[in-house]
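The lines below spell out each chain.
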Amino acid sequence: MSKRKTDIITEDVRLDNDKIIELKNNNEQFFIINGRRKTYHILTYGCQMNEHDSEKISGMLTSIGYEETTDDKSADLVIFNTCLIRENAELRVFGKLGEVKGLKRKNPDMLVAVCGCMMQRQETREKVLKKFSFVDIIFGTNTIHELPMLIYNVEINKRKSVEIVDNTESIYENMPKQRKFKHKALVNITYGCNNFCTYCVVPYVRGREKSREPNEIIQEIKALSEDGCKEVTLLGQNVNSYGSNLEKKVTFAELLYEINKIEGIERIRFMTSHPKDLTDDLIKAIKECDKVCKHVHLPVQAGSNNILSRMNRKYTKEHYLNLVEKLKKAVPDIAITTDIIVGFPGETEEDFLETIDIVKKVQYDSAFTFLYSVREGTEAAKMENQVPDEVKHERFDKLLDVLYPIVLERNQQCIGKVFPVLVESAENDKLTGRTEHFRLVHFKGSNALIGEIVNVRITNVKTFHMEGEFVSLL
Ligand code: SF4
């Protein structure tokens, strides 16, 4: 896998060339003849970056006359937006592609496209082309803007379409987007990553870190606010290093102060924070910006300094604990969540106990826990002393035995208290939303409250969610 340079292209993506107009006209004809629009279904795997890319894919497809369906079996176009970060996500994609093969046999007109991080890796791409030869379209993370042309090639030119940008990356940021939620939005602030954690494929598949210009970000968020959006989540592989490669240097803390001024936006979240770049200025900004949520997702990955060094994380357990102390001092009721990898190559029982120790010391509000899985092309894949599977599973179970009671206890501290909750969805007569600490809350209420921030009293808690009762509008 090659190391690449990234360019951000700010002009609008053009959807008015002759071929795309021909494609749009064809889709319009399809609508007139069949009384329905062509449909698409996107299966999104992995992180919020991918979720956001899926919104861009939706926007592009809507612009050329497609309509979304929740049913992958009847869709005219099925798109797999894939993730390469863990073996499990990759296996799920291959499993699902196997299922879609049967559908495609019954309905040869159905188009199948695969995109996302898996397709940035040549070996995986070749595997898909060979093993799942029915796939019509393949594109990479930075060629979403090419999708209409790729569909044109298949539909009009009747040829398989593959479009990956391999040597330099040009990221088009002004694509039409179809947001999943009106009241909340994902906003990229950086693309790519420079950190080369030894277990991670992201720097190879998403390229070098590149920050967007602050005014581009501010304009996008202002437009979102005018469109009724209340909460933005700023996205980057490492948001804390935002701005370091801009011509006119801007820090992430400075960006937060600017976004905090935008009228209409009520909540600001960000993901992901690398501990090595979490500065005192940023902690001050989290404290001082009233719209910045009292929640930091701070991936620790491991508690042993030996393993942290082998992971190339560039911080120590002591440094991380010191950051947690500073955060808790600055914002006393802050929620801290994390990512933890169990069974990294060379992890001894003593190393693992350091992870258990840090979990106990930090008292996390929640954590994503993972079994280490070999990712070809990374440094860790070449390391000796891979931990046997049964040892990994045993440690994983031990970790959850320690973690879950802590998470439950943190939730129990919320019982009887009232929290503002941004209502996100409804199912039957239950509404679901999140507190600013990112806790999931279910309560009874009217669907009219979706998109509103309301006060909810917590009445009961579980490990992964809380239950409450509506108190008042905010
Ligand atoms: S910071 Fe490390 S784990 Fe996160 S995307 Fe970059 S290389 Fe991967």
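Residues numbered from 1 in each chain as written. Predicted model: local features only at pLDDT ≥ 70, side-chain atom pairs only at ≥ 80, totals over all residues.

Colleague: If you had to explain the site of the ligand to someone new, which residues and values would you point to?
Modeller: Around the ligand, the neighbouring residues are C193, N195, F196, C197, C200, V202, P203, Q237, N238 and H274. Counted by class, the shell around the ligand contains six nonpolar, four polar and no charged residues. (Near = placed C-beta within 6 Å. Nonpolar A, V, L, I, M, F, W, Y, C, P; charged D, E, K, R; others polar.)

Colleague: Can you tell me about the environment of L77, naming the residues and giving the values?
Modeller: For L77, the location among the structural elements is in strand β4 (residues 77–82). Setting aside its immediate chain neighbours within four residues, L77 contacts K38, Y40, Y66, L111 and A113. (Helix = DSSP H or I, 4+ residues; strand = E, 2+ residues; numbered from the N terminus. Contact = placed C-beta atoms within 7 Å.)

Colleague: Quick rundown of the domain arrangement of the protein chain? Include the residues and the values.
Modeller: The domain boundaries assigned to the protein chain delineate domain 1 (5–171), domain 2 (175–410) and domain 3 (418–473). Here the C-alpha centre of domain 2 lies 29 Å away from the C-alpha centre of domain 1. The dominant element in the side of domain 1 that touches domain 2, judged by the number of residues it contributes, is helix α2 (residues 48–63), at eleven residues. (Domains from an automatic or database assignment.)

Colleague: How would you summarise helix α6 (residues 147–155) if you had to cite specific residues and measurements?
Modeller: For α6, every residue scored as buried is listed here: L147, P148, L150, I151, Y152 and N153. Structurally, α6 contributes buried residues whose contacts are with α1 (18–34), α2, β6 (137–139) and β7 (161–163). (Buried ≥ 20, exposed ≤ 12 C-beta atoms within 10 Å, placed from the backbone.)

Colleague: Describe the sheet that holds strand β14 (residues 295–297), and please don't skip the residues or the numbers.
Modeller: With parallel pairing, three strands are arranged side by side in an open sheet as β14-β15-β16. For this open sheet the edge positions go to β14 and β16 (366–371), each flanked by a neighbour on one side alone. Taking the axes of each pair of neighbouring strands and ignoring which way they run, one obtains an average angle of 10° across the sheet. Where strand β15 (residues 335–342) lies against β16, six bridges are found, and the strand directions are parallel. (Pairing = 2+ DSSP bridges. Axes fitted to C-alpha atoms, helices over the stretch in contact; angles between N-to-C directions.)

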